[in-house]
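The primary structure of each chain is shown beneath.
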Amino acid sequence: MPDDLLVLRASELVTLKGPRRARAKGEMSEFSILRDGAVAIAGGVIVDVGRTESILRDHDATGVERIDASDKVVMPGFVDPHTHLVYAGSREFELELKAKGKTYLEILQEGGGILRTVQDTRAASKEELFRQSARRLESMIAHGTTTAEAKSGYGLDKAVELRMLETIKKLGDDYPADLVPTYMGAHAVPQEYAGRADDYLDFVVSDVMPEVARWKLAEFCDVFCEKGVFGYEQSRKVLLAAKALGMKLKVHADELRPSGGAELAAEVGAISADHLAKPSDDGIMAMARKDVIGVLLPGTPYSSMSKDYADGRRLIDLGVAIALGTDLNPNCWNESMQFTISLACHKMRMTPAEAITASTINAAAALGMEKKVGTIEAGKRADIVILDIPTHAQLPYKFGTNLCSSVLKDGEVVWERQPF
Ligand code: NIG
Ligand code: FE
């Protein structure tokens, strides 16, 4: 097949060449960099990677579209393994409450937080829900995200949970990004079940989950396992039911206090445990033993005005493979993996190389996509970002602006910076 596109002369081509699995410990900083790097793309797939000179020698470049990436970093498209992309409304008024000292759980227990967004999401039409979520997805793509996970969890009744999952499907069909859907009925206890969490979980497991599985609307199931929301036993019940229906598992684990979430993720064979600001040592060791990926979400303590960031450095040193995600949601309206990487380096003591590995191949592994995306190697999808910086070390260093110059999905340029 003739080439469709050549990306040439990258000052750094960050390939992350290596095993097609999550990278742990020292492997997280061993990503390979080619200077004056080039990529040949055909049929939406990467067909060759090398120095510009050798790619130009080995490929007939006549009439082939080219991108000159001089002075730029070329790397895999970002994979965002944890988002609540689909919801209606916003919660900027909570910022003031948080500034005055209200905690995340206090706001939720007073009927705000997730429950406020449940009201707004239930009230939105299908079209409105799609429209509001699509604006966010467009911005994620413009910031270099080419694959993302997206959860339900703001309907909590059957009709709106299914509507959220259908919206994720339609967004993935209509936009140049791969979306991986997760069912998260166990996100909060809805007001109509107040004080009856176990009855609500019976409804989740017996009524909604079989429908989700029947229509193949979700690849993963996730639970908010946190003292004060759903406890260890309650979360375990939901996850085991989902597993029996063929779903893969994730856990919102130990975000606010040690709640057995990391241990549970290891016990039930979850692919990832997410948040992990407060895991127990036993939980961390269990995750390392069972190869559960730790998905860290530094945007959440940032927007929650909390000092409790996950200790990325310690988790990596203890052998947990780490991925990074935005946790985009109405409490943490973060559409940018670039900002997330910057936070991870400044607040979780991760190095630029570790944070980039965590946002590409390890994030792909947290979605079961490690064989398809997450590195720049022949045979992988041509999901690529070109950043307007000469070295990857500037990615966390220059924060607060969009560093993308071009974003490629399946070999097509889907977003490009407009020149002045
Ligand atoms: O991952 N912690 C639970 N769920 C989301 C927040 C959802 C919300 O506040 O709307 C999270 O942070
Ligand atoms: Fe979340």
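Higher on the page you've got the structure.
Residues numbered from 1 in each chain as written. Chains lettered and ligands numbered in written order. Predicted model: local features only at pLDDT ≥ 70, side-chain atom pairs only at ≥ 80, totals over all residues. Heavy atoms only, no water.

Draft legend 1. Main features of the state of the cysteines. For the coordinates displayed, the defined rule picks out 0 disulfides. Left without a disulfide partner, C221 is nearest to the cysteine sulfur of C225, which lies 12 Å away. Overall, C221 belongs to the buried group, its relative accessible area being 1%. C345 carries a free sulfur, and the closest cysteine sulfur to it, the one in C404, is 16 Å from it. What makes C345 buried here is its relative accessible area of 16%. (Disulfide = S-S within 2.5 Å. Buried < 20%, exposed > 50% of the residue type's maximum accessible area, 1.4 Å probe, protein only.)

Draft legend 2. Geometry of the packing of helix 7 (residues 197-214) against helix 8 (residues 232-244). Put simply, helix 7 and helix 8 touch, their axes get as near as 11 Å, and they point 5 degrees apart. By the angle between their directions, the pair helix 7 and helix 8 is classed as roughly parallel. Contacts between helix 7 and helix 8 involve A197, D198, L201, D202, V205 and M209 on the former and, on the latter, Q234, K237, V238, A241 and A242. Per-class residue counts for the contact of helix 7 with helix 8 are 7 nonpolar, 1 polar and 3 charged. (Axes fitted to C-alpha atoms, helices over the stretch in contact; angles between N-to-C directions. Helix = DSSP H or I, 4+ residues; strand = E, 2+ residues; numbered from the N terminus. Parallel < 35°, antiparallel > 145°, perpendicular 65-115°, else oblique. Contact = heavy atoms within 4.5 Å. Nonpolar A, V, L, I, M, F, W, Y, C, P; charged D, E, K, R; others polar.)

Draft legend 3. Examining the coordination of the iron ion (ligand 2) more closely. Around the iron ion (ligand 2), the protein contributes the donor atoms H82 (NE2), H84 (NE2), H252 (NE2) and D327 (OD), which lie 2.1 to 2.3 Å from the metal centre. Sequence spacing of the donors to the iron ion (ligand 2): H-x1-H-x167-H-x74-D. In this pair, H84 is assigned in the loop between strand 8 (78-80) and helix 2 (94-99) and D327 in the loop between strand 15 (322-324) and helix 13 (337-347), connecting sequence segments 243 residues apart. On the basis of relative accessibility, which here comes to 2%, the residue H84 falls in the buried class. Under the relative-accessibility criterion, D327 is labelled buried at 2%. (Donors = N, O, S within 2.8 Å, 3.2 Å for Na, K, Ca; no water.)

Draft legend 4. Structural view of the pairing of strand 1 (residues 5-10). Most of strand 1 is tucked away, with 5 of its 6 residues classed as buried. Where strand 1 and strand 4 (residues 37-42) come together, 4 bridges link them in antiparallel fashion. By the bridge assignment, L5 is partnered in strand 4 with I41. (Pairing = 2+ DSSP bridges.)

Draft legend 5. A look at the site of ligand 1. Around ligand 1, a shell composed of 16 residues is seen, among which Y104, Y154, H187, E255 and D327 lie nearest. Side-chain polar atom of H84 to an oxygen atom of ligand 1: 3.3 Å apart, as the coordinates give it. Between ligand 1 and R91 there is a distance of 2.9 Å, counted from an oxygen atom to a side-chain nitrogen or oxygen. Here ligand 1 has 320 Å² of accessible area as a free molecule, and 100% of this is covered by the chains. For the shell around ligand 1, the residue count by class is 5 nonpolar, 8 polar and 3 charged. (Near = heavy atom within 4 Å. Polar contact = N/O pair within 3.5 Å; in protein donor to acceptor, adjacent residues only side chain to side chain. Areas by Shrake-Rupley, 256 points an atom, 1.4 Å probe, with all protein chains shown as cover.)

So, to be careful, I would describe these as geometric facts and stop short of saying anything about function.
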